[in-house]
Structures are given as structure tokens and as C-alpha cells.
Protein chains: 2
Amino acid sequence: MDIDMIEISKALSNETRLNILKWLRSPEENFPPQGGCLSEPVDLKGGVCVSSIQAKANLSPSTVSNYLDTLQRAGLLLSERHGKWTYYRRNEETLGCLAEYIKTEL
Amino acid sequence: MDIDMIEISKALSNETRLNILKWLRSPEENFPPQGGCLSEPVDLKGGVCVSSIQAKANLSPSTVSNYLDTLQRAGLLLSERHGKWTYYRRNEETLGCLAEYIKTEL
DNA sequence: TTTACATATTGGCAATTCCCGAAATGTGTG
DNA sequence: CACACATTTCGGGAATTGCCAATATGTAAA
């Protein structure tokens, strides 16, 4: 697992993106139940769809979509598409490596 | 100790600033001996003067001075002036808090 | 005080980021 | 197929950052 510290830092240097990461720590506390419209039940692994995140962030859909993409390209989020919806969740592996990196290499 | 995650992330989202932080982990390995021109011996606590950092970073003095200021305002560096020289060193307290913050709050 | 040197501050242009609306794409439904 | 809806991509104006040269400030030595 290699940490691109610059990409990650850029991704983290925006309040909304930081909040999205924090909200996704407890999806059930911060977002309505997910996956209710899916035809088949799927394990969403705590993932939340873009529109739920957009409603909470109070920014335009395109901005939120861009932010989620930024976080994903930095390796901080994972996404999974089910039907019309894309569910984003935290990538705990990268977040763990990040804390470790800061402690041991930065 | 409060972490301003946005300021810190902005400070870390530049390769040279990241390198400066890493170089300052082992000043004696990365920079010439410091404080040799001072009239009285002082404990520099591993601090390195701007010109030594500038020589290694290979950027203009004003850019490096700005970068050091950015890192200090984010709480990542400490500075101490002795004579004509300003010696910068890592602020390990903030760096420790940062790793802790990422692990427990981000 | 004059000079030299270390550093900090200022001004400015190029590049990047922020955030949006508009348009495009993907996907299930009638 | 046509339509509605979720999301992504595109284009652009405002704000911020990157980096420099020029200038200003602080400090020690001549």
C-alpha cells in the first residue's frame, strides 16, 4: 500500500470533503437508510449514495460528485455501483496507513 | 491542543514542504552543522536555518521563507531566532496529535 | 554609522482549485 | 423505444496557491 501524501493532503484540505469522511464513519447516524429502492437486497458495507451525501453537504450534485471522486482517487473512499446508485464508503485501509505514515515517516 | 486539519492539509499538500518536514527529522543527516557562526553556543534543538533549507530545496529564498511560515502557521514547525538566523525545527507535539486525530476522529 | 548578510514581506503572473449550471452517460421502468 | 432519475463530465468565472524578483527589515561586524 503506497500513500500518495500530496493527493491525500489535497483531498483533505477542504471542509466539505473532511466532513464527508467523518460522516461516513457512522452512516446510520448521519444518513437515511440506504438501498431501500434496490430490487434485490445487497450488502452495501456502510456505503451511502451520492444524493444522500449531497443533501447533507448542501452543495450541487456535480460538486459533491467531484468531491467524492477526489476522495476516491486519493484512495480515501471506495465506491460500488448498484443499479442507478453509486454507494461510497470509507477505505479504512488507506486511512490506517495514513495515520501510520504520519507517525513513522512524516 | 487543537488541530486545524484544513490548514495542516494545505501545508502538507506541496512536495517541497513535505520534504522539509522529512528532512528535519534528521537535521544532522540532511544539513550542514548549524550555529557555527553564532557568537555564543546555543542549544538549537535540531533547528536548521533558512539558508541551509533553501540550499537543499533549490528554490528561491522568498519561496522557502514562505513555505516555512506556512508550516509554522499550521503548527508543524517551531522557529527560534538567534542573531541573524532563524532556526526551524519540527513541532513533534502537533505531529503526534495529527496522527492521533487521523486515527480517532477522521 | 556604514556595510553586509539572513530573513521576511510585497507585488504580480501563471497555474490550480472551488463551485456551479449545462450537457452527457448509465440504468431501470413503462 | 421513450422516459425519468442518479450520477458523471464539461466549460467557465471567481478565488486561491506556486513561485519568483524586488524591496524591506533585522542584526552583527567594520
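Above this text sits the structure in question.
Please read these numbers as outputs of a predicted model, since none were measured by experiment.

A. Representation of the relation of the copies chain A and chain B. Overlay of chain A on chain B (RMSD 0.0 Å): rotation 180 degrees, translation along the axis 0.0 Å. What the rotation and shift describe, once combined, is the action of a two-fold rotation axis. In this assembly the copies share their binding face: 100% of the residues contributing to the interface of chain A also contribute to that of chain B.

B. The arrangement of the interface of chain A and chain B in detail. Counting residues at the interface gives 22 residues for chain A, matched by 22 residues for chain B. Both faces considered, chain A and chain B share a buried interface measuring about 1,900 Å² in area, 68% of it formed by carbon and sulfur atoms. Counting the surface chain A buries against chain B, the share from its top three residues, Ile6(A), Ile102(A) and Leu106(A), is 29%. Linking chain A with chain B are zero salt bridges. Elements that contribute at least two residues to the side of chain A that touches chain B include exactly helix H1 (5-12), helix H2 (15-23) and helix H6 (92-104) of chain A. Looking at the side of chain A that touches chain B element by element, the count peaks at seven residues for H6(A). A breakdown of the residues in the side of chain A that touches chain B according to their chemical character gives 11 nonpolar, four polar and seven charged.

C. Just the protein's contact with DNA strand D, in detail. Residues in close proximity to DNA strand D total 20 residues, the closest being Ser51(A), Ser65(A), Tyr88(A), Thr63(B) and Tyr67(B). Sugar plus phosphate: this is where 73% of the atoms of DNA strand D within 4 Å of the protein reside. One of the side-chain nitrogen or oxygen atoms of Ser65(A) is found 2.6 Å away from a phosphate oxygen of DNA strand D. At 3.3 Å from a phosphate oxygen of DNA strand D is found a side-chain nitrogen or oxygen belonging to Lys10(B). When contributions to the surface near DNA strand D are tallied by element, the ones reaching two or more residues are helix H4 (50-57), helix H5 (61-73) and strand S3 (85-90) of chain A together with helix H5 (61-73) of chain B.

D. Broad picture of the nonpolar core. Grouped together as the largest cluster of nonpolar side chains are 57 residues, with contacts concentrated most on Leu12(A), Leu76(A), Ile102(A), Leu12(B), Leu76(B) and Ile102(B). Each residue touching Ile102(B), except ones within four places of it in the same chain, is listed here: Leu95(A), Leu98(A), Ala99(A), Ile102(A) and Met5(B).

What counts, and at which threshold
Residues numbered from 1 in each chain as written. Chains lettered and ligands numbered in written order. Predicted model: local features only at pLDDT ≥ 70, side-chain atom pairs only at ≥ 80, totals over all residues. Heavy atoms only, no water. Least-squares fit on C-alpha atoms with pLDDT ≥ 70 in both. Contact = heavy atoms within 4.5 Å. Buried area = accessible area lost by both parts, 1.4 Å probe. Salt bridge = Lys/Arg side-chain N within 4 Å of Asp/Glu carboxyl O. Helix = DSSP H or I, 4+ residues; strand = E, 2+ residues; numbered from the N terminus. Nonpolar A, V, L, I, M, F, W, Y, C, P; charged D, E, K, R; others polar. Near = heavy atom within 4 Å. Polar contact = N/O pair within 3.5 Å; in protein donor to acceptor, adjacent residues only side chain to side chain. Core = buried A, V, L, I, M, F, W, Y, C linked by side-chain atoms within 4.5 Å. Buried < 20%, exposed > 50% of the residue type's maximum accessible area, 1.4 Å probe, protein only.

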